[in-house]
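An overview of the molecular structure
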Amino acid sequence: MSAVEMAGVSVSYDGTPVLKGVTSSFEAGSWVGLIGPNGAGKTTLLRAVAGLVPFEGDIRLQDTSVSSLSRRRISRIVAYLPQRPVVPDSMSVGDYALLGRTPYIPYLGTERRRDLEIVASVLDQLDLATLAGRRLDSLSGGERQRAVLARALAQQAPVLLLDEPTTGLDVGHQQQVLELVDTLRDDLDLTVVSAMHDLTLAGQFADQLVLLDGGRVAAAGPPATVLTEEVISRHYHASVRVLEDPGGGIVVIPVRHVEKQVAT
């Protein structure tokens, strides 16, 4: 069963095409990595799926067209984490996570006991329970990223859209965040769609990759078929070596071109 289906999706900004006839589908429970050079349309595709930008074509969530869904209904199906989320520094971790319950709280209404219980459970899952009263501006980079993830998970949406979720994190925190997302995907039966800059991380965590270039799908499939030296060279204009990790993942290593000086 497909959690997300796209047919002929195009997006333009001020008359400039950014996505051009994208057709793809993401299976429920899978992790799909969106990769591609800068400006390829990865963020725009995530925003289109979340119903945040006008588009041509058709996008279906759980077999229902996004165009026919209200903003509140979309937010119950899709949780979107932008690359640079707005995080009020003075707000506490608990109150920030509670914002994820907005799609379930009536207009002019207040949170109910069920909302508070869900947020408490999410904070516990992410090892943030002891930080619930802390201000967001007092957190480390890794803790802050988990707080942002907590807000998204509090929505209880089956589809999680992540735009460069490891931006600004060191290698240790990158791994921790992605391992956490993968664990939550299994535990909560989530479909994860993430734009990823690091090709090695994309190859190790995603089940399927969709490579965008110039607003179009240039390649799609399992990491081993998409992350080849030829494909990366063609679309990233980069020289790399692709190795197979003994653990089953893919490792992409940049290769320098060094001209040897001839002794005279």
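Use the structure listed above.
Residues numbered from 1 in each chain as written. Predicted model: local features only at pLDDT ≥ 70, side-chain atom pairs only at ≥ 80, totals over all residues. Heavy atoms only, no water.

1. Remarks on the packing of aromatic side chains
To describe a pair of aromatic rings, you give the distance between the ring centres and the angle between the ring planes. The full count for this structure, using the stated rule, is 1 aromatic pair. Considering the side-chain rings of W31 and F205, the 5.8 Å spacing of their centres and the 40° angle between planes classify their relative orientation as tilted. Taken together, the positions of W31 in strand β3 (residues 31–35) and F205 in helix α7 (residues 199–205) put the pair 174 residues apart, joining distant regions of the chain. As far as the burial class goes, W31 and F205 line up, both buried. Of note, R101 hangs over the ring of Y104, and the distance from its end group to the ring centre comes to 4.0 Å. (Phe/Tyr/Trp six-rings, centres within 6.5 Å; stacked < 30°, edge-to-face > 60°. Helix = DSSP H or I, 4+ residues; strand = E, 2+ residues; numbered from the N terminus. Buried < 20%, exposed > 50% of the residue type's maximum accessible area, 1.4 Å probe, protein only. Lys NZ or Arg CZ within 6 Å of the ring centre and 35° of its normal.)

2. A few points about the sheet that holds strand β7 (residues 159–163)
In spatial order, the strands read β6-β7-β8-β3-β9-β10; together these 6 strands make up an open sheet with mixed pairing. Among the strands making up the open sheet, the edge pair consists of β6 (78–81) and β10 (216–221). If you compare each strand with its neighbour and ignore which way they point, the axes differ by 15° on average. Strand direction decides the pairing type here: β3 and strand β9 (residues 208–213), joined by 4 bridges, are parallel. Residue pairing across strands places L34 opposite V210, the latter belonging to β9. Packed onto the sheet, helix α6 (residues 171–188) meets β3, β7 and β8 (191–195) and runs at close to 140° relative to β3. (Pairing = 2+ DSSP bridges. Axes fitted to C-alpha atoms, helices over the stretch in contact; angles between N-to-C directions. Contact = heavy atoms within 4.5 Å.)

3. Focus on the nonpolar core
Ranked by size, the top nonpolar core spans 52 residues in total, and within it W31, I35, L126, L149, L160 and L227 carry the most contacts. Those residues in contact with I35 that lie beyond four places of it in its chain are K42, M196, L199, A202, L209, V210, L211, L212, V226, L227 and Y236. A3, V9, V66 and I74 belong to the second-largest nonpolar core, a separate cluster that totals 32 residues. (Core = buried A, V, L, I, M, F, W, Y, C linked by side-chain atoms within 4.5 Å.)

4. Notes on the pattern of salt bridges
Taken as a whole and assessed by the stated rule, the structure comprises 9 salt bridges. For R60, the salt bridge identified is with D58, shortest N-O distance 3.4 Å. Between R185 and D182 there is a salt bridge whose closest N-O contact spans 2.8 Å. Taken as a pair, R185 and D182 lie in helix α6 at a separation of 3 residues, close to a single helical turn. With respect to burial, R185 and D182 carry one shared label: buried. (Salt bridge = Lys/Arg side-chain N within 4 Å of Asp/Glu carboxyl O.)

5. Let's talk about empty space enclosed by the protein
Throughout the structure, instances matching the rule amount to 2 cavities of 30 Å³ or more. Of the voids in this model, the largest cavity is the one considered here, and its volume is about 50 Å³. Taken together, E164, P165, T166, L178, A195, M196, H197, D198 and L201 make up the lining of the largest cavity. When its volume is computed, the second largest cavity comes out at roughly 40 Å³. Of all the secondary structure elements, the ones that give two or more residues to the lining of the second largest cavity are α5 (141–154) and α6. Per-class residue counts for the lining of the second largest cavity are 6 nonpolar, 1 polar and no charged. (1 Å grid on protein atoms, 1.4 Å probe; cavity = no way out; pocket = protein on both sides within 12 Å on 5 of 7 lines; lining within 4 Å. Points joined across faces, edges and corners; volume = space filled by probe spheres on them. Nonpolar A, V, L, I, M, F, W, Y, C, P; charged D, E, K, R; others polar.)

6. Looking at the sheet that holds strand β5 (residues 64–65)
Across the sheet, which stays open at both edges, the 4 strands sit in the order β2-β1-β4-β5 with antiparallel pairing between neighbours. Pairing within the sheet leaves two strands with one partner each, and these edge strands are β2 (16–27) and β5. The pairing of strand β4 (residues 56–61) with β5 spans 2 bridges and is classified as antiparallel. When the bridges of β5 are listed, L61 appears paired with T64. In the packing of helix α1 (residues 42–49) onto the sheet, the strands contacted are β1 (2–13), β2 and β4, and the crossing angle to β1 comes to about 120°.

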